[in-house]
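Descriptive structure summary
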There are 4 protein chains.
Amino acid sequence: MPDGRDRTSGYIADGVHRLQVRVYYEDTDMSGAVYHANYLRFCERGRSDCLRLLGIKLHEPSGPGGFVVRRMACDFRKPAAIDDLLTVETRFREMAGARMELQQSVLREGDTLFLADVTAALLDRQGRPKRLPPELHAAVKSLLESKP
Amino acid sequence: MPDGRDRTSGYIADGVHRLQVRVYYEDTDMSGAVYHANYLRFCERGRSDCLRLLGIKLHEPSGPGGFVVRRMACDFRKPAAIDDLLTVETRFREMAGARMELQQSVLREGDTLFLADVTAALLDRQGRPKRLPPELHAAVKSLLESKP
Amino acid sequence: MPDGRDRTSGYIADGVHRLQVRVYYEDTDMSGAVYHANYLRFCERGRSDCLRLLGIKLHEPSGPGGFVVRRMACDFRKPAAIDDLLTVETRFREMAGARMELQQSVLREGDTLFLADVTAALLDRQGRPKRLPPELHAAVKSLLESKP
Amino acid sequence: MPDGRDRTSGYIADGVHRLQVRVYYEDTDMSGAVYHANYLRFCERGRSDCLRLLGIKLHEPSGPGGFVVRRMACDFRKPAAIDDLLTVETRFREMAGARMELQQSVLREGDTLFLADVTAALLDRQGRPKRLPPELHAAVKSLLESKP
């Protein structure tokens, strides 16, 4: 990884945000593998850190408002295990109105363990859809054009 | 609810398993609503209790083996809030080979807050697909024919 | 259990609140037992349902305010496992100013698996300690005098 | 931070292990702050990464066995909020037989938000206490003598 990258929030290159996530006891269940719902937590970390790196505020200071997940089509392919160092990849697919489409995957050494198509929407403090701000469009454009 | 129903594991009627789930602090996030990944935990409780009522063992005594979620298409429709008493409904759609398809929804007073199409598979202790046992087919048949 | 008890929130008898909690996959970790931090979630469910049965509001409608845990001395005695039907017992020990002391335990068929001394405090919406309301004192008094 | 430190598992200096932990939506509750039980998850990450850096295996390949928490005295001092970058500090206090005593704290910019005294024990695969191995004693000795 090149110097100067903010590792605590992952990094952006090639139009993709990548975040490393370690698997701890808390993430596993009695099968020995990561509990299925926890991949959604890992993906939320990826989305949050991607928006953070883009300079976008995720949420209103308190109460409702901010990004919410509307739809998530999840494909659980292979189990992750404790101590695994996973990579969460986040790709923007489309943005329109209050809505954005992303593809997220969780990988271990290049092997895709989990894949999801995510639709998120921006809400105002009354919980109504709110047009994505121009700075988000600009930021995602710069992400999509990011070089390796 | 008629007497004699085992309430701690919900109940089966009309071909549907229903389980009541209370929303606690642990389930919410700073938006004030239920954190999105927690609907998957609620659905797992519904599936587990449904199979328990049907007399089906969910898992091998230890280690891998048992039912795993392969795919889950999630539709987050409306927010649930603390103190809400939710109902998780589980419906069997199809069973073939090692695989079963279910539809699950989370409702509050008849209003659907969350909806998911779930594909689960049965694995043996080596993590390989394992044909669904005849007693599961028989149990689901009896569920589908259950009267109100 | 006598008729008429509200089972979804447990019940009060003998000066003790008791709530049944089922162990699901989500609660376990790769050791095969319940993940240690999850006993704190079970205890929060017990406290919340006890206050609910006493007619006490747990929290402000949104944002800060409500009961927070200040101290919790936890004793993890024996492991709980999937499918276990646990009982969370909540006892009030002392109330003074903005503070209340409780003892909570998690049992399986009479066997204590987890024990905690809990100090909770009531906060106002600015996050400052707030004197416990007279109706809470009255409600806890009635709990302590509850008959079997 | 000096070059060469393995940041994904934190680092050891001055006899202390330090790990950075970001607060995400998943960690908060409707009060707007971190849900109290989640500090125990953060501490487990600190302990796991500390032992990892010391070259100690945390757990048996599957099933029971490994380190378990026996007691944890928790002091919840100040709330952490979303986006906070926290530091988990882990200090070894004492080791004897199958048992070790640690002190762990969670800080934000030098301010202690959470403090815990932790007793952990090593178990064998039958769940019985197992003497701490000599390599752990040696590793902790080297940690305690680590220079800034």
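Residues numbered from 1 in each chain as written. Chains lettered and ligands numbered in written order. Predicted model: local features only at pLDDT ≥ 70, side-chain atom pairs only at ≥ 80, totals over all residues.

**Some points on the overall build of chain A**
Secondary structure assignment for chain A yields 2 helices and 6 strands. For 148 residues, the compact-globule estimate of 2.2 N^0.38 gives 15 Å, and chain A sits close to it at 16 Å. Within chain A, the proportion of its 148 residues that are buried is 44%. Once local pairs closer than 6 in sequence are excluded, the contacts in chain A between residues at least 24 apart make up 66%. (Helix = DSSP H or I, 4+ residues; strand = E, 2+ residues; numbered from the N terminus. Rg over C-alpha atoms; globule rule 2.2 N^0.38 Å. Buried ≥ 20, exposed ≤ 12 C-beta atoms within 10 Å, placed from the backbone. Contact = placed C-beta atoms within 7 Å.)

**Here we look at the relation of the copies chain A and chain B**
Mapping chain A onto chain B calls for a screw motion: a turn of 180° about the axis and a shift of 0.0 Å along it, with 0.0 Å RMSD after fitting. Both copies of the chain, as the preceding transformation shows, are related through a two-fold rotation axis. Closest approach to the rotation axis within chain A is made by the C-alpha atom of A73(A), at a distance of 2.1 Å. Both copies share a contact surface, since 100% of the interface residues of chain A are interface residues in chain B too. (Least-squares fit on C-alpha atoms with pLDDT ≥ 70 in both.)

**Looking at the nonpolar core**
In this structure, Y39(A), Y39(B), Y39(C) and Y39(D) are the most contacted members of the largest nonpolar core, which totals 157 residues. If sequence neighbours within four positions are ignored, Y39(B) has contacts with V34(B), C74(B), V106(B) and F114(B). (Core = buried A, V, L, I, M, F, W, Y, C linked by C-beta atoms within 7 Å.)

**Some words on the sheet that holds strand β4 (residues 85-96) of chain B**
Read from one edge of the open sheet, 12 strands run β1(A)-β2(A)-β4(A)-β5(A)-β6(A)-β3(A)-β3(B)-β6(B)-β5(B)-β4(B)-β2(B)-β1(B), paired in antiparallel fashion. A single partner strand is all that each edge strand has here, and the edge strands are β1 (11-13) of chain A together with β1 (11-13) of chain B. Averaged over all neighbouring strand pairs, the angle between strand axes comes to 30°, with direction disregarded. As paired elements, strand β5 (residues 99-108) of chain B and strand β6 (residues 111-123) of chain B share 10 bridges and run antiparallel to each other. (Pairing = 2+ DSSP bridges. Axes fitted to C-alpha atoms, helices over the stretch in contact; angles between N-to-C directions.)

**Some remarks on the interface of chain D and chain B**
At the interface, 11 residues of chain D touch 11 residues of chain B. A per-class count over the side of chain D that touches chain B returns 5 nonpolar, 4 polar and 2 charged. (Nonpolar A, V, L, I, M, F, W, Y, C, P; charged D, E, K, R; others polar.)

**Digging into the relation of the copies chain D and chain B**
When chain D is fitted to chain B, the best match, at an RMSD of 0.0 Å, comes from turning it 180° and sliding it 0.0 Å along the axis. The residues that chain D uses at the interface reappear at the interface of chain B in 100% of cases, marking a shared surface.

**Describing helix α1 (residues 38-53) of chain B**
A turn of α-helix holds 3.6 residues, and therefore any two residues three or four places apart point the same way. Residue and element names in this part refer to chain B. Taking 1.5 Å of rise per residue, 16 residues should cover 22 Å, and α1 covers 23 Å from first to last C-alpha, within 8% of that figure. With 14 of 16 residues buried, α1 is to be regarded as a mostly interior element. Phi for G55, located one or two positions after α1, is positive at around 80°. (Expected span 1.5 Å × (residues − 1).)

**A closer look at the pairing of strand β6 (residues 111-123) of chain D**
Within a regular strand, the side chains alternate between the two sheet faces. Residue and element names in this part refer to chain D. Two strands pair when backbone bridges link them, and strand β3 (residues 66-76) and β6 are joined in this way by 10 bridges, in the antiparallel orientation. Directly across from G66, in β6, lies its bridge partner L123. The hairpin turn running from strand β5 (residues 99-108) into β6, its antiparallel successor, is 2 residues long, and E109 in that turn takes a positive phi close to 45°.

**Details of helix α2 (residues 134-144) of chain A**
All names here are of chain A. Buried within α2 are the following residues: L136, V140 and L143. In an axial view of α2, the angular spread of the buried residues amounts to 55°, which keeps them on one side of the axis. Across from the buried face of α2, at angles greater than 90 degrees, the exposed residues are P134, E135, H137, A138 and K141. Tucked into the core, α2 has its buried residues touching β1 and β4 (85-96). (Arc of directions from axis to C-beta.)

**Topic: the interface of chain A and chain B**
Taken together, the contact between chain A and chain B spans 17 residues of the former and 17 residues of the latter. Taken together, the elements giving at least two residues each to the side of chain A that touches chain B come down to α1 (38-53) and β3 (66-76) of chain A. Considering every element that reaches the side of chain A that touches chain B, the biggest residue donor is β3(A), with 9 residues. In terms of residue class, the side of chain A that touches chain B is built from 8 nonpolar, 5 polar and 4 charged.

**Structural notes on the environment of S105(C)**
Along the polypeptide, S105(C) turns up in strand β5 (residues 99-108). In contact with S105(C), other than residues within four places in its own chain, are E89(C), T112(C), F114(C) and L115(C).

**What to know about the sheet that holds strand β1 (residues 11-13) of chain C**
If you trace the 12 strands from one edge of the open sheet to the other, you get β1(C)-β2(C)-β4(C)-β5(C)-β6(C)-β3(C)-β3(D)-β6(D)-β5(D)-β4(D)-β2(D)-β1(D), paired in antiparallel fashion. A single partner strand is all that each edge strand has here, and the edge strands are β1 of chain C together with β1 (11-13) of chain D. Here the average twist between neighbouring strands, direction ignored, is 30°. Bridge count between strand β3 (residues 66-76) of chain C and β3(D): 5 bridges; the pairing is antiparallel. Pairing of C74(C) across the sheet is with M72(D), part of β3(D). Helix α2 (residues 134-144) of chain C rests against β1 and β4 (85-96) of chain C of the sheet, and its axis sits at about 125° to β4(C).

**Some points on the environment of S105(D)**
Of the residues examined, S105(D) has 21 C-beta atoms within 10 Å and is grouped as buried. Distance in space between the C-alpha atoms of S105(D) and Y39(D) is 9.1 Å, their sequence separation being 66 residues.

**A look at unusual backbone geometry**
All names here are of chain A. Phi angles above zero are rare outside glycine, and E109 is one such case at about 45°. Structurally, the position occupied by E109 is in the loop between β5 (99-108) and β6 (111-123). Classification of E109 as exposed rests on a count of 8 C-beta atoms within 10 Å.

**Things to note about the environment of R128(C)**
Residues and elements named next belong to chain C. Mapped onto the elements, R128 comes out in the loop between β6 (111-123) and α2. With 12 C-beta atoms packed within 10 Å, R128 lands in the exposed category. A C-alpha to C-alpha distance of 14 Å links R128 and H59, two positions 69 residues apart in sequence.

**Overview of the confidence of the model for chain A**
Atom-level detail of predicted coordinates should not be read off regions where pLDDT is low. Residue and element names in this part refer to chain A. Across chain A, the average pLDDT comes to 90, with 92% of residues at 70 or higher. Segment residues 1-5: pLDDT under 50, and 2 contacts once partners within four positions in sequence are set aside and those in other chains are kept. Two summary scores accompany this predicted model of the complex, namely pTM at 0.94 and ipTM at 0.92. (pLDDT = per-residue confidence, 0-100.)

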